[in-house]
Amino acid sequence: MRVLITGTSSGIGEGIAYRFLREGHSVIGFDRQEASIIHSMYRHYRLDIRACDQYPELEPVDIVINNAGVQNDHDIDVNLKGTIAITERYGIHEKIRAVLMIGSSSGHTGSEFPEYAASKGGVLAYAKNVALRIAPFGATCNSLDFGGVYTELNRPVTENPDLWRQIMEQTPLQRWMSVEEAADWAYFITVTNRFCTGQNILIDGLEAGNAHFVWPDA
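Quick caveat: nothing in here was measured; it's all calculated off a predicted structure. (Residues numbered from 1 in each chain as written. Predicted model: local features only at pLDDT ≥ 70, side-chain atom pairs only at ≥ 80, totals over all residues. Heavy atoms only, no water.)

It is worth spelling out the packing of aromatic side chains at this point. Scanning the model with the defined rule gives 9 aromatic pairs in all. With 4.9 Å between their ring centres and 55 degrees between their planes, Phe 20 and Tyr 187 make a pair best called tilted. Here Phe 20, found in helix H1 (residues 11–22), pairs with Tyr 187, found in helix H7 (residues 179–192); they are 167 residues apart in sequence, far enough to count as distant. One exposure class covers both Phe 20 and Tyr 187, and it is buried. (Phe/Tyr/Trp six-rings, centres within 6.5 Å; stacked < 30°, edge-to-face > 60°. Helix = DSSP H or I, 4+ residues; strand = E, 2+ residues; numbered from the N terminus. Buried < 20%, exposed > 50% of the residue type's maximum accessible area, 1.4 Å probe, protein only.)

With that settled, the discussion passes to the layout of surface pockets. Approximately 1500 Å³ is the volume attributed to the largest pocket. As for the largest pocket, its lining consists of 48 residues, of which Gln 71, Tyr 116, Thr 151, Leu 153 and Asn 154 are closest to the centre. Of all the secondary-structure elements, those providing two or more residues to the lining of the largest pocket are H1, strand E2 (26–31), helix H4 (114–134) and helix H5 (155–158). At 4 residues, H1 tops the list of elements feeding residues into the lining of the largest pocket. Taken together, the residues of the lining of the second largest pocket sort by class into 5 nonpolar, 3 polar and 3 charged. (1 Å grid on protein atoms, 1.4 Å probe; cavity = no way out; pocket = protein on both sides within 12 Å on 5 of 7 lines; lining within 4 Å. Points joined across faces, edges and corners; volume = space filled by probe spheres on them. Nonpolar A, V, L, I, M, F, W, Y, C, P; charged D, E, K, R; others polar.)

Inspection of the secondary structure puts Thr 140 in strand E6 (residues 140–146). If we ignore the near neighbours within four places in the chain, the residues touching Thr 140 are Arg 97, Ala 98, Val 99, Ile 134, Ile 189, Asn 193, Arg 194, Phe 195, Cys 196 and Thr 197. (Contact = heavy atoms within 4.5 Å.)

In contact at an axis separation of 8 Å, H1 and H7 are set at 55 degrees when each is read in the N-to-C sense. Our classification of the angle between H1 and H7 gives oblique. You can see that H1 and H7 cross each other, and the crossing is right-handed. For the pair H1 and H7, contact is made by Gly 11, Ile 12, Gly 15, Ile 16, Arg 19 and Phe 20 and by Val 179, Ala 182, Ala 183, Asp 184, Ala 186, Tyr 187, Thr 190 and Val 191, respectively. Residues that form the contact of H1 with H7 fall into these classes: 9 nonpolar, 3 polar and 2 charged. (Axes fitted to C-alpha atoms, helices over the stretch in contact; angles between N-to-C directions. Parallel < 35°, antiparallel > 145°, perpendicular 65-115°, else oblique. Left-handed = near helix turned anticlockwise from the far one by under 90°.)

A few words now on the pattern of salt bridges. Under the criterion given, the structure shown has 12 salt bridges. Ionic pairing is found between Arg 133 and Glu 88, a salt bridge with its closest N-O pair at 2.8 Å. You can see Arg 133 sitting in helix H4 and its partner Glu 88 sitting in helix H2 (residues 75–90), a full 45 residues away along the chain. In this structure Arg 133 comes out as partly exposed when scored by relative accessible area, which is 34%. Classification of Glu 88 as partly exposed rests on a relative accessible area of 33%. Among the charged side chains, a salt-bridge network with shared partners connects Arg 19, Glu 23 and Asp 184. (Salt bridge = Lys/Arg side-chain N within 4 Å of Asp/Glu carboxyl O.)

A few words on the environment of Gly 11. By the secondary structure assignment, Gly 11 is in helix H1. Residue class for Gly 11 comes out partly exposed when judged on its relative accessible area of 25%. Discounting chain neighbours no more than four positions away, the residues touching Gly 11 are Thr 151 and Val 179.

That is the geometry; function is a separate question.
This is the structure we're talking about:
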């Protein structure tokens, strides 16, 4: 299959790209940075997903994975509007098999910075919108809403003992997800899965569900 993935030069996007390449699929990567992947089945376009006029003409792809995202003053424009622009251009057609949004647990909980949480909440709603529109083609659309993932971008907390202790106190599973695990989820939900659609799947080690029952001692 032909797979379009945004944000492939590092982190989760790079991991997902490698996962599909190992399975023999053709991967097209979009990123503002130079390619980090050298593979005969990989084609890289250096572009900003906000710049719709930079989008290349492509043959219809089977899968679109919206992974590119930021956590700065451009959250809404990149994380939400960029995701919408990519999907509308490449993901809404009769040959599409699956569209995937890489959301965030903050889209469920409202945590993190205000515009970031708002952008990811919008992505969750947009995933349902797309799922309804491509269902007549037999295609699926879901969002995978990760909590903590071990990436370079998260090193400010993973390498700070005090901050890491606080995070683990909130995470019942007592660890974060690896990039490889995230890639496995992306592959499963877009390739193996053919019936689950329109879902915002929270995968955070139970951090958001860490409720503490309060009751007098017996």
